[in-house]
Amino acid sequence: MSETRRFESLWNDLHPVGRDGGSGGYRRFAWTREDATLREWFVGECAALGLDVTEDRAGNQWAWWGNPDDAPGEGVVTGSHLDSVPDGGAFDGPLGVVSSLLAVKTLQEKGFAPRKPIGVVNFVDEEGARFGVACAGSRIITGALDADRARSLTDADGVTMAEAWQRAGRDPGTLGRDDETLARVGTFVELHVEQGRALIDLDDAPVAIGSDIWPHGRFRADLPGRADHAGTTALGNRDDALLKAAQFIEATRGAAASRDRSGEGGDRVVATVGKLDVVPGGINAIASHVTAWVDARGSREEDVRAVVGELEERARALGGSWRAESWTPTTPFDAGLVERLDATLGGVPLLGTGAGHDAGILANHGVPTAMLFVRNPTGTSHSPEEFAETDDCVRGVEALVRVLEDLAG
């Protein structure tokens, strides 16, 4: 079977899972029925390759070719995640998992005998779409997300992560940092679809190497008001929390815009209010409370911090409160590993990225980490329009094969 047909076959297995028939986007959220189907698929594909699958204390799945405990700290790991944002695209995460499985299959068929154990990981809850904290699986095992806080995180229906674990037949008491699992990992290389347009402008560059991840964080503003009747309360007598939220959203855009210099070829800063929770949420009721979640990131940490500081002041000026949900500082990937990938792949482009990844969490924990990006001709991500040509995906697999061959050979 050709590499193209092999990729299409494996890719098509995933295509229907969690796909919304109306939007065409995906709803693959942590510890749901769809997530369980994806996890079962991963176990089955790994078993077909003869890989031993284990789980860590956050529920991340690790499949090993060779025994990582025979070579502590030398495991060469690749992989990504299978969950999605609401109505997300097909490629963000799954491309890395599928490519990793295909790379292992290719190496096995070549008769490659790894001198170091090779692992494929499926990180759980990378997007944070259900419980609000991105890269939850990698944050938990590295200790970047406290286990008690993780268990208490709630989804839109008020279900805690601990309750979700119980409903999935798991013991939430086991959730926590996992140094034993991390001790098996010597290097980590994550392949991912590009979530931007840099490679579109480079016609002969279907694959790039990641150089760093921009600083980024998620924050929460709680804005109070007073519930009242929408038809009988005079405008001058209203304390409308949703009106405060509108002012806050405008302030969010303004704080980022005042510092963004990307249009002039300089540093980029972005901030987004992408989620609101309105109480009581009735059409004929004045809002008594609004929670607004902010995503802020940029190429320079000081600019992002300045935006966050301004928004905290704005939230408090509106009578509200502010708290950080998560924060990841500027994350340069391991310089030596990046150079090694560059030498192996023959001078492909180096790209920084504004998107967060589990690779960034492991890098900040001290694991030598790097990334590969595959061209996205739409330049769009977190949307059904997200895409990658099959030929480019195959080129990504070929690049990953060469990288694994070098690192584990």
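Residues numbered from 1 in each chain as written. Predicted model: local features only at pLDDT ≥ 70, side-chain atom pairs only at ≥ 80, totals over all residues. Heavy atoms only, no water.

Trainee: Whenever I open this one, the sheet that holds strand 12 (residues 321-328) confuses me. Can you help?
Mentor: Sheet strands associate in pairs through backbone hydrogen bonding, adopting either a parallel or an antiparallel arrangement. On the basis of which strands lie adjacent, the open sheet formed by four strands has the order 9-11-7-12 and antiparallel pairing. Strands at the two margins of the open sheet, each flanked by one partner only, are strand 9 (269-279) and strand 12. On average, each strand axis in the sheet is inclined to that of its neighbour by 15°, with strand direction left out of account. Where strand 7 (residues 216-224) lies against strand 11 (residues 289-298), nine bridges are found, and the strand directions are antiparallel. Bridge pairing links Arg220 to Trp293 in strand 11. Here helix 8 (residues 241-257) sits on the sheet in contact with strand 7, strand 9, strand 11 and strand 12, set at roughly 170° to strand 9. (Pairing = 2+ DSSP bridges. Helix = DSSP H or I, 4+ residues; strand = E, 2+ residues; numbered from the N terminus. Axes fitted to C-alpha atoms, helices over the stretch in contact; angles between N-to-C directions. Contact = heavy atoms within 4.5 Å.)

Trainee: I'm lost on the packing of aromatic side chains in this one. Help?
Mentor: By convention here, two paired aromatic rings are described through the distance between centres and the angle between planes. Across all of its chains, the model carries ten aromatic pairs by this definition. Between Phe219 and Trp322 the ring centres are 5.5 Å apart and the planes differ by 10°, which places this aromatic pair in the stacked class. Taken together, the residues span a long stretch of sequence, with Phe219 in strand 7 and Trp322 in strand 12 at a distance of 103 residues. With relative accessibility at 10%, the residue Trp322 sits in the buried group. For the cation-ring pair, Arg170 lies above Trp165, with the distance from its terminal atom to the ring centre recorded as 5.9 Å. Note that Arg305 overlies the ring of Trp327, its terminal NZ or CZ placed 4.0 Å from the centroid. (Phe/Tyr/Trp six-rings, centres within 6.5 Å; stacked < 30°, edge-to-face > 60°. Buried < 20%, exposed > 50% of the residue type's maximum accessible area, 1.4 Å probe, protein only. Lys NZ or Arg CZ within 6 Å of the ring centre and 35° of its normal.)

Trainee: Would you take a moment to explain the side chain of Arg139 for this structure?
Mentor: Secondary-structure assignment places Arg139 in helix 4 (residues 136-142). Of the side chains bearing the opposite charge, Asp358 lies closest to the buried Arg139, which forms no salt bridge; the N-O distance is 7.3 Å. Within the local environment of Arg139, its side chain forms a polar contact with the side chain of Thr328, the two groups lying 2.8 Å apart. Not counting residues up to four positions away in its chain, the partners in contact with Arg139 are Val133, Ala134, Ala144, Leu145, Ser326, Trp327, Thr328 and Ile361. (Lys, Arg positive; Asp, Glu negative; His and termini not counted. Salt bridge = Lys/Arg side-chain N within 4 Å of Asp/Glu carboxyl O. Polar contact = N/O pair within 3.5 Å; in protein donor to acceptor, adjacent residues only side chain to side chain.)

Trainee: Help me understand empty space enclosed by the protein in this model?
Mentor: It is a probe the size of a water molecule, rolled over the atoms, that shows where empty space is left. Per the stated rule, a full pass over the model turns up three cavities of 30 Å³ or more. In this structure, the largest cavity spans a volume of roughly 40 Å³. The residue makeup of the lining of the largest cavity, split by class, is five nonpolar, one polar and one charged. (1 Å grid on protein atoms, 1.4 Å probe; cavity = no way out; pocket = protein on both sides within 12 Å on 5 of 7 lines; lining within 4 Å. Points joined across faces, edges and corners; volume = space filled by probe spheres on them. Nonpolar A, V, L, I, M, F, W, Y, C, P; charged D, E, K, R; others polar.)

Trainee: Just checking my understanding: could you explain the environment of Gly96 for this structure?
Mentor: Topologically, Gly96 is positioned in helix 3 (residues 94-109). Sequence spacing of Gly96 and Leu82 is 14 residues, and the spatial spacing of their C-alpha atoms is 8.8 Å. In contact with Gly96, other than residues within four places in its own chain, are Gly79, Ser80 and Leu191.

Trainee: Explain the side chain of Arg297 to me, please; I cannot follow it from the model alone.
Mentor: Turning to its location among the elements, Arg297 is positioned in strand 11. Engagement of the side chain of Arg297 in a polar contact is seen with the backbone oxygen of Gly354, the distance being 2.6 Å. Those residues in contact with Arg297 that sit more than four places away from it in its chain are Pro215, His216, Val269, Val270, Val304, Gly354, Ala355 and Gly356.

Trainee: Can you walk me through helix 8 in this structure?
Mentor: For an α-helix, 3.6 residues make a turn, and residues three or four places apart therefore share a direction. Compared with an ideal rise of 1.5 Å per residue, which puts 17 residues at 24 Å, helix 8 spans 24 Å between its outermost C-alpha atoms and is within 8% of the ideal. Contacts made by the buried residues of helix 8 are with strand 7, strand 9, strand 11, helix 9 (301-317) and strand 12. (Expected span 1.5 Å × (residues − 1).)

Trainee: When you look at the nonpolar core in this model, what are you seeing that I'm missing?
Mentor: Core analysis: the largest hydrophobic core is formed by 90 residues, its most contacted members being Trp41, Leu95 and Leu372. The element best represented in this core is helix 12 (residues 390-408), accounting for ten residues. Apart from the residues lying within four places of it in its own chain, the contact partners of Leu95 are Phe7, Trp11, Leu191, His192, Val193, Val374 and Cys393. Core analysis: the next-biggest nonpolar cluster, separate from the first, contains 25 residues, Ala255, Val290, Ala315 and Trp322 among them. (Core = buried A, V, L, I, M, F, W, Y, C linked by side-chain atoms within 4.5 Å.)

Trainee: Just to check I follow, could you spell out helix 2 (residues 33-48) for this structure?
Mentor: With 16 residues, helix 2 should cover 22 Å at 1.5 Å per step; its first-to-last C-alpha distance of 23 Å lies within 8% of that length. When helix 2 is considered as a whole, its buried residues turn out to be Asp35, Leu38, Arg39, Trp41, Phe42 and Cys46. Within helix 2, the buried residues cover an arc of 155° as seen down the axis, which keeps them to one side. For helix 2, the exposed residues lying more than 90 degrees away from the buried face are Arg33, Glu40, Ala47 and Ala48. On its buried face, helix 2 is in contact with helix 1 (3-14), strand 1 (52-55), strand 2 (61-65), helix 3 and strand 4 (118-123). Downstream of helix 2 by a residue or two, Gly50 has a phi angle that is positive, lying close to 75°. (Arc of directions from axis to C-beta.)

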